[in-house]
Amino acid sequence: ANSHELLLKAQQEQLYAKLVMQLKKDFGLANIPIDLAKDIAPEDLQIFLHEKMYYLMLEKFPEYLNLLYVIDVPEKAFKQIQVTDVVEVAEQVSYLALKRELQKVWLKEKYAS
């Protein structure tokens, strides 16, 4: 799976808007201001997240680590990242973050009722 497939799944299960809200919430908890429109297109969200991760990795590493802690990306998943270059790593980390955020949204939805 990749980020694109995850975002499609979120849309199919009608969890996409909640996923965007969860991302905004967790970025906020990590003190990383982001300006995401509620109706951002999945492709744009994917690009935005990739660019943001790339920027944080290069320019604000402590904030990047804090964000991953807030999102709760599993350490095991991190260790499986194939280190090639920063662009590729940022893409893989974006996927892991999206995957975890979708998991949170799905669980909240499932156990809310």
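For the structure itself, look to the data block above.
Owing to the predicted nature of the structure, the values given are computational and were not obtained by experimental measurement.

Is there a simple way to explain the overall build of the protein in this structure?
Along its length, the protein carries six helices and zero strands. Seen in sequence order, the protein has helices and strands lined up from the N terminus as α-α-α-α-α-α. In terms of overall dimensions, the protein is globule-like: its C-alpha atoms have a radius of gyration of 13 Å, near the 13 Å expected for 113 residues. Principal-axis analysis of the C-alpha atoms gives the protein an extent of 40 × 30 × 25 Å. Put simply, the protein has 113 residues, and 42% of those count as buried. Restricting to contacts in the protein with at least 6 residues of sequence separation, those with at least 24 account for 66%.

I tried to follow the side chain of Gln22 on my own but got confused; where do I start?
Take Gln22: it is sitting in helix α2 (residues 16–29). Those residues in contact with Gln22, other than ones at most four positions away along the chain, are Glu101, Lys104, Val105 and Lys108.

I tried to follow the packing of helix α1 (residues 3–12) against helix α6 (residues 86–112) on my own but got confused; where do I start?
Helix packing for two helices is described by the angle between their axes and how far apart those axes are. The N-to-C vectors of α1 and α6 enclose an angle of 20 degrees; their axes lie 9 Å apart at closest approach. Taken together, α1 and α6 sit at an angle that is classed as roughly parallel. Our pair here, α1 against α6, has a crossing hand that is left-handed. Across the interface between the two elements, Ser3, Leu6, Leu7 and Ala10 of α1 pack against Ser94, Tyr95, Leu98, Lys99 and Leu102 of α6. When the residues that make up the contact of α1 with α6 are grouped by side-chain class, the tally is six nonpolar, two polar and one charged.

Please explain the nonpolar core as it appears in this structure.
Soluble globular proteins tend to pack their nonpolar side chains together in the buried interior. Residues Phe27, Leu45, Met53 and Leu67 are the most contacted members of the largest nonpolar core, which totals 36 residues. Excluding anything up to four places from it in sequence, Leu67 contacts Asp26, Phe27, Ala30, Ile32, Met53 and Leu56.

Conventions and cut-offs
Residues numbered from 1 in each chain as written. Predicted model: local features only at pLDDT ≥ 70, side-chain atom pairs only at ≥ 80, totals over all residues. Heavy atoms only, no water. Helix = DSSP H or I, 4+ residues; strand = E, 2+ residues; numbered from the N terminus. Rg over C-alpha atoms; globule rule 2.2 N^0.38 Å. Buried < 20%, exposed > 50% of the residue type's maximum accessible area, 1.4 Å probe, protein only. Contact = heavy atoms within 4.5 Å. Axes fitted to C-alpha atoms, helices over the stretch in contact; angles between N-to-C directions. Parallel < 35°, antiparallel > 145°, perpendicular 65-115°, else oblique. Left-handed = near helix turned anticlockwise from the far one by under 90°. Nonpolar A, V, L, I, M, F, W, Y, C, P; charged D, E, K, R; others polar. Core = buried A, V, L, I, M, F, W, Y, C linked by side-chain atoms within 4.5 Å.

Without other data, these values stay purely geometric and don't point to any function.
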